[in-house]
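Geometric and topological summary
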Amino acid sequence: MSVLRVKSVEQSMADTDEPAHRLKKELSAWDLTVFGIGVIIGTGIFVLTGQQAHVNAGAAIAISFVLAGVTCALAALCYAEFASTVPVAGSAYTFSYATLGELVAWIIGWDLVLELALGAAVVARGWSGYLHSLFNLPDWLAGDAARPDIAAIVIVLALTAVAVFGTKLSGRVTGVLVVIKVAVVLFVVVAGLFFVKVANYQPFIPPSVPSPSGSAGVDEPLVQVLFGMSPSHFGGFGIVAAASVVFFAYIGFDIVATAAEETRNPKRDIPRGIIGSLVICTVLYVAVSIVITGMLKYSDDRMNTSAPLAEAFKANGATWASSIISVGAVCGLTTVVLVLMLGQARVLFAMSRDGLLPTKLAAVHPRFGTPYVITIGTGVFVAVLAGIVPLAELSKLVSIGTLFAFVLVSAGVIILRKTRPDLNRSFRVPGVPWVPILSILACVWLMLNLSVATWLRFIVWLVIGFVIYFTYSASHSRLRTGKGNLEVPAADRRVPEPTGDD
């Protein structure tokens with residue numbers, strides 16, 4: 001029993017034609033771009049901008065967003081090549097299965113739960129907080145971290161129903177909400193310019209200062225512990241540390257790749273959706289960070305709140321703007337929860353279809369063409385997390401899980417170029433192997449700038465994944481059992497043909 005067995009690209013493509021597991025193809029490049037923007041713009045722009053400016057980067061938080069954006073751009077190129085070559089649900093999981101072997105693919109799929117399900121639960125809790133602020137709801141209904149969050153549970157279950165009814169409907173709902181939240185983000189940039197004070201940018205890069213006594217240890221970045229550096233904030237390391245955290249703000253562009261199997265022309269539209277959504281969001285992030293640090297000094301305690309954008313307007317006497325921003329935040333976080341759950345369901349669907357999870361979970365609804373069993377299961381799981389489990393610390397796992405997936409996808413591009421040069425690639429990463437290597441190095445560097453505590457939790461999560469794989473998945477894998485998933489002989493391999501639009 002080999003844990004390094006590889007599922008061929010041809011077999012992955014053939015599985016998409018199985019009647020019981022065939023997803024409905026109805027998404028366009030526009031739908032994918034909207035999905036990308038819908039999931040990217042959320043917690044990062046509405047919360048992390050002010051918090052990380054106050055704690056780590058100062059006015060140079062804009063540089064942190066650029067660094068995180070460049071790292072994501074390198075990984076996005078690798079995702080785009082894979083998704084256009086292997087247009088199958090599952091994203092990084094499917095790509096790893098075709099290059100690095102089954103065990104690595106399982107770990108990536110298990111790892112993506114940190115990004116998608118846990119990320120959706122974290123954002124749902126934030127959504128509840130903004131709703132509480134906007135409508136002044138009672139604490140028992142929303143926004144109270146000390147008791148079950150009813151509002152978070154309700155929004156997750158409502159969006160689960162939308163996801164079951166079809167990806168096209170999900171795209172329409174997301175499209176409407178994306179228009180609203182992008183309008184609010186542009187409002188922040190344009191209206192905020194009238195309150196910018198140049199003095200707030202001084203110093204643009206605050207000098208490095210030692211961390212408060214008693215804060216060292218598991219809460220400090222791993223890189224500082226490994227190399228014996230004195231714990232500090234601001235300065236160059238502060239900018240990179242902030243980039244490691246605001247990286248959370250970019251999580252989501254890779255989810256576009258999970259919808260490859262439901263896209264009408266995946267070879268053309270997946271790269272457009274991935275890269276287009278990432279570029280648009282990076283520009284908006286940098287613009288907002290420049291404006292917000294100009295409106296309110298980074299050292300002001302009001303920057304280190306759950307609603308720094310609204311606080312910046314209040315500090316300048318524009319209290320009327322806070323309600324507008326809250327509306328944008330509610331819309332923005334709604335789309336994030338929806339698309340994260342869509343992505344999680346597609347990854348688990350692919351894993352179930354491969355036998356690494358019970359195959360009954362991969363059932364597709366005969367009318368809506370969606371993986372309804374796994375979608376409902378994902379919704380219930382996320383609702384429980386969002387409503388009951390304290391997520392303040394666990395949310396930090398989202399970034400490290402995503403960065404780890406980026407590392408393996410980038411490595412996979414190099415491996416697949418060498419092992420399968422015959423495959424048709426409608427999109428090719430330029431400068432292979434150097435661009436994927438840069439992507440790997442950038443991701444690893446950001447991972448090293450996450451806290452020791454985050455690394456320890458991540459290792460525990462991976463150990464749990466290994467236990468599940470060796471006690472269930474390895475023995476039930478369709479590649480091992482041969483149940484309807486036989487390797488295709490080399491002479492009969494079907495190389496994906498380019499479409500007429502390529």
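The structure we're discussing is the one just above.
Described below are features of the structure shown in this document. Everything quoted here is computed from the prediction, not taken from an experiment.

**Focus on the nonpolar core**
- Counting 159 residues, the largest nonpolar core has F46, Y79, Y93, V156 and F253 as its most contacted members.
- Here this core takes 18 residues from helix α15 (residues 320-353), the largest share from any one element.

**Some thoughts on a nonpolar patch on the surface**
- Taken together, the side chains of L157, I376, V380, V384 and I388 present a nonpolar region at the surface, about 420 Å² in accessible area.
- At four residues, the largest contribution of residues to the nonpolar patch is made by helix α16 (residues 372-388).

**Notes on the packing of aromatic side chains**
- One pass over the full model with this rule turns up 15 aromatic pairs.
- Pairing F187 with F313 gives two aromatic rings, centres 6.0 Å apart and planes at 15 degrees, and the pair type is stacked. Of this pair, F187 sits in helix α9 (residues 167-193) while F313 sits in helix α14 (residues 308-315), and the two are 126 residues apart along the sequence. Just as F187 is buried, F313 falls in that class too.
- Look at F195 and F313: their rings are 6.2 Å apart centre to centre, the planes differ by 80 degrees, and that puts the pair in the edge-to-face class. Taken together, the residues span a long stretch of sequence, with F195 in the loop between α9 and β1 (209-210) and F313 in helix α14 at a distance of 118 residues.
- Since its relative accessible area comes to 23%, F195 is described here as partly exposed.
- Of the residues examined, F313 reaches a relative accessible area of 0% and is grouped as buried.

**With respect to the side chain of E102**
- Its place among the elements puts E102 in helix α6 (residues 102-115).
- Within the local environment of E102, its side chain forms a polar contact with the side chain of R5, the two groups lying 2.7 Å apart.
- Side chain to side chain, E102 and Y469 meet in a polar contact 2.7 Å long.
- If we ignore the near neighbours within four places in the chain, the residues touching E102 are V3, L4, R5, Y97, L356, Y469, A474, S477 and L479.

**Looking at the environment of L441**
- Mapped onto the fold, L441 is located in helix α18 (residues 434-448).
- Relative accessible area serves as the criterion here: at 55%, L441 is assigned to the exposed category.
- With 370 residues separating them along the chain, L441 and T71 place their C-alpha atoms 9.2 Å apart.

**Observations concerning unusual backbone geometry**
- Following Q202, the chain continues into P203 via a peptide bond in cis, with omega recorded as -10 degrees.
- Within the fold, P203 resides in the loop between α9 and β1.
- The omega angle of the peptide bond from V432 to P433 is 10 degrees, so this bond is cis rather than trans.
- Structurally, the position occupied by P433 is in the loop between α17 (397-419) and α18.
- Its identity is not glycine, yet F234 carries a phi of approximately 65 degrees, on the positive side.

The rules we used
Residues numbered from 1 in each chain as written. Predicted model: local features only at pLDDT ≥ 70, side-chain atom pairs only at ≥ 80, totals over all residues. Heavy atoms only, no water. Core = buried A, V, L, I, M, F, W, Y, C linked by side-chain atoms within 4.5 Å. Buried < 20%, exposed > 50% of the residue type's maximum accessible area, 1.4 Å probe, protein only. Helix = DSSP H or I, 4+ residues; strand = E, 2+ residues; numbered from the N terminus. Patch = residues over 30% accessible without salt bridge, like charges linked within 9 Å, V, L, I, M, F, W, Y side chains within 5 Å. Areas by Shrake-Rupley, 256 points an atom, 1.4 Å probe, with all protein chains shown as cover. Salt bridge = Lys/Arg side-chain N within 4 Å of Asp/Glu carboxyl O. Phe/Tyr/Trp six-rings, centres within 6.5 Å; stacked < 30°, edge-to-face > 60°. Polar contact = N/O pair within 3.5 Å; in protein donor to acceptor, adjacent residues only side chain to side chain. Contact = heavy atoms within 4.5 Å.

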